[in-house]
Amino acid sequence: MSATTAAVLELLLLVAALAVSTPLLGRYLAHVYTSPRHLKVERAAYRIMRVDPDADQHWRSYAMSVLGFSMVGLLIVYAVARLQLHLPQSLGFAGFGPAGAWNTAVSFVSNTNWQWYSGEAAAGYLLQATGLTVQNFVSAAVGMAVAAALARGLARSRNGGRLGNFWTDLVRGTVRVLLPIAFVTALVFVAGGMIENWNAFHTVTTLGGGHQTITGGPVASQESIKLLGTNGGGFYNANSAHPFENPNAFINLVQVYLILLVPFAMAWAFGLIVKDKRQGGAIVATMAVLATAAVSFMTWAEMSGAGTATRLAGAAMEGKETRFGEAASAMFGSATTLTSTGAVNSMHESFTAPGGGIAMFNMMLGEVAPGGVGSGLYGMLMLAIVTVFLCGLMVGRTPEYLGKKIGQHEIVLVALYILTTPTLVLLGAAVAVTASSGLAGLSVGGPHGLSEALYAVTSAANNNGSAFAGITSGTTFWNTLLGLLMLLGRFLPIVFVLALAGRFATARHQPAGAGTLPTHRPLFVALLTGVALVVVGLTYVPALALGPIAESLS
Amino acid sequence: MSDFVYLALTLLCFAGLALLVGIIDSRLEPDPHHDPTDLDADEPQADEPRADESQADEATDLSGAVRR
């Protein structure tokens, strides 16, 4: 079978699996976020947390709960990382320095999972399993909760800005969605050859007489939520390129599927929550169009392999696992940057210039196709509101989305949301390439060096977490800069989303009129796709021109 | 840098975010599309104060949004 045929078959299998699971999981997610019933285990959690699960929170209270919960989580991970030498299962690793511990804590709490350290050489099992894996679950659940709150805000009418209960959403997302799926997939991973143990590292003598350290660790359990929660923080430095973390091509395909599973299903659930399945279908379709284009373009870029060396070798295999090849690497690379995952099964720095540019563009798109768990949905809904606003201007009517008028306050909140991440990215890149401490972390100068810096700040501010691999980010400067970008890039947009949700929940539903733009038809899908591309294009093209585009033309 | 600096940075960031929540909440006027005299039996009444007329006119007028 040729590489191209294998690539096409793999893609078709992935699409078929997602087509089956998206409506099923979507229906279940809609039930989870709207059901009035609590499970016994959930009631126990509410009693421990001393919260009333039936309290309908105002958006302000909901946002403060998100911020308070995340800050406490950040401080806990910081403490565990700093004190790991004094804690059990540290494997003798020293505690992280203040800058590194803060960067790591922010990274995992913000669902970014940027890793400045090598997991197998710096993080003990306790830190990995309790500090990091716990945040993999709850940070994903926070994203889903915010998306559910926005959907409920759109569905409700004259509700006084009440969006539901954050603690209920958090617990349900964790207990009813993430934990069961992660448990099952962890078993699949173990059956596929992934390791799951608490063994100490073994040093063995190789056939050549050298010494090699064989690592252990609870890898499968972390791996499943790493992908399911679009987290991306690997147990090992090589992430999903490591054979213990991604043993074979089948598991690789399952990993890509897991990355995309919940984000697509959340969009479907949205349609059910707002009681118009077609709206969810339109969002899913837009996500699918953008994702298909990105996967196809990146696969083409990597398989056509520009440059003398790659033409002679017949493939652009530098930095890629021979077990997976170009197509599976490109598919993984697209999936991980289209979502907020950041896991890698190949080194993105070694991608062809267009391929690396697409990875960057995917993140700059705001990770909305399908995006992170929850964050992808609310990001796409923000773009949908921009779309109806622009169309409203064109036809001279007050724009509305799902019966909610988009007035001055609504569009200001959306504009703030849209501008936050590009501002962080471009300011962050400017600081990084003008400060000597920033330049010191780059492996090369010129366009590729700019791409390294641009990729890092883009990844951080968009809460992706993948790296170009050439950058040395374990310094105080980079840890602090990227930490700030991750924190603000996560929580500023969440505040704007919840404020908008509260606004919608307060407003009454307006009946559709002759001037209402239908938001469930192919025309709207096309408009929304165009708006997503234009917004990103206008914002980032100058920076991309100086980096990957200049490099590919040189 | 010491632990104190990063703990202070954390508190500063989250305090700033909490402040932003407060500012947005105070700046967001009540729903201009909400007619408080039109009550549906199956829906809870909005618990926010009424919008005054000038605010309502400003927010419903798209041209006002464009001007700003």
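Each remark here, short or long, concerns the structure printed above.
Definitions and limits used
- Residues numbered from 1 in each chain as written.
- Chains lettered and ligands numbered in written order.
- Predicted model: local features only at pLDDT ≥ 70, side-chain atom pairs only at ≥ 80, totals over all residues.
- Heavy atoms only, no water.
- Helix = DSSP H or I, 4+ residues; strand = E, 2+ residues; numbered from the N terminus.
- Buried < 20%, exposed > 50% of the residue type's maximum accessible area, 1.4 Å probe, protein only.
- Polar contact = N/O pair within 3.5 Å; in protein donor to acceptor, adjacent residues only side chain to side chain.
- Salt bridge = Lys/Arg side-chain N within 4 Å of Asp/Glu carboxyl O.
- Axes fitted to C-alpha atoms, helices over the stretch in contact; angles between N-to-C directions.
- Parallel < 35°, antiparallel > 145°, perpendicular 65-115°, else oblique.
- Contact = heavy atoms within 4.5 Å.
- Nonpolar A, V, L, I, M, F, W, Y, C, P; charged D, E, K, R; others polar.
- Core = buried A, V, L, I, M, F, W, Y, C linked by side-chain atoms within 4.5 Å.
- 1 Å grid on protein atoms, 1.4 Å probe; cavity = no way out; pocket = protein on both sides within 12 Å on 5 of 7 lines; lining within 4 Å.
- Points joined across faces, edges and corners; volume = space filled by probe spheres on them.

A. Main features of the side chain of N165 of chain A. Residues and elements named next belong to chain A. Here N165 shows up in the loop between β2 (162–164) and α7 (166–191). With relative accessibility at 6%, the residue N165 sits in the buried group. Among the polar contacts listed, one links the side chain of N165 to the backbone oxygen of A55, at a separation of 2.9 Å.

B. Expanded view of unusual backbone geometry. Residue and element names in this part refer to chain A. Residues A369 and P370 are joined by a peptide bond in cis, for which omega reads 5 degrees. For P370, the location among the structural elements is in the loop between α13 (353–364) and α14 (375–395). Phi is positive for Q89, close to 55 degrees, though the residue is something other than glycine. By the element assignment, Q89 lies in the loop between α3 (59–82) and α4 (98–109). A residue is classified by how much of its surface remains accessible, and Q89, at 35% relative accessible area, is partly exposed. For N111, which is not a glycine, the phi torsion comes out positive at approximately 65 degrees. Along the chain, the position of N111 falls in the loop between α4 and α5 (119–122). Take N111: its relative accessible area is 2%, and that puts it in the buried class.

C. Molecular detail of the pattern of salt bridges. Residues and elements named next belong to chain A. A complete count under the given rule lists 11 salt bridges over all chains for this structure. A salt bridge links D56 to R156; the nearest nitrogen and oxygen atoms lie 3.1 Å apart. Highlighted residues: D56 in the loop between α2 (40–49) and β1 (57–58) and R156 in the loop between α6 (125–155) and β2, separated in sequence by 100 residues. D56 sits in the partly exposed class, given a relative accessible area of 31%.

D. Local environment of the packing of α14 of chain A against helix α19 (residues 522–553) of chain A. Residue and element names in this part refer to chain A. Look at α14 against α19: their axes get within 9 Å of each other, and the N-to-C directions meet at 105 degrees. The angle between α14 and α19 falls in the class roughly perpendicular. Contacts between α14 and α19 involve M380, L383, A384, V386, T387, V388, L390 and C391 from the former and F524, L527, L528, V531 and A532 from the latter. Along the lines of polarity and charge, the residues of the contact of α14 with α19 split into 12 nonpolar, 1 polar and no charged.

E. Focus on the nonpolar core. Counting residues in each nonpolar core, the largest one holds 177 residues, and the members touching the most others are F270, I283, Y401, W478 and L498 of chain A. In this structure L498 of chain A touches W59, Y62, A63, V66, V146, A149 and L163 of chain A, once residues within four positions along its chain are discounted.

F. Spotlight on empty space enclosed by the protein. All names here are of chain A. A full pass over the atoms with the stated rule returns 1 cavity of 30 Å³ or more. By volume, the largest cavity is sized at about 50 Å³. Lining the largest cavity, in full, are F69, S70, G73, V109, Q135, S139, V142, R490 and F491. When residues of the lining of the largest cavity are traced back to their parent elements, those giving at least two are α3, α6 and α18 (476–506). Taken together, the residues that form the lining of the largest cavity break down as 4 nonpolar, 4 polar and 1 charged.

Such coordinate-based values are descriptive only and should not be taken to indicate function.
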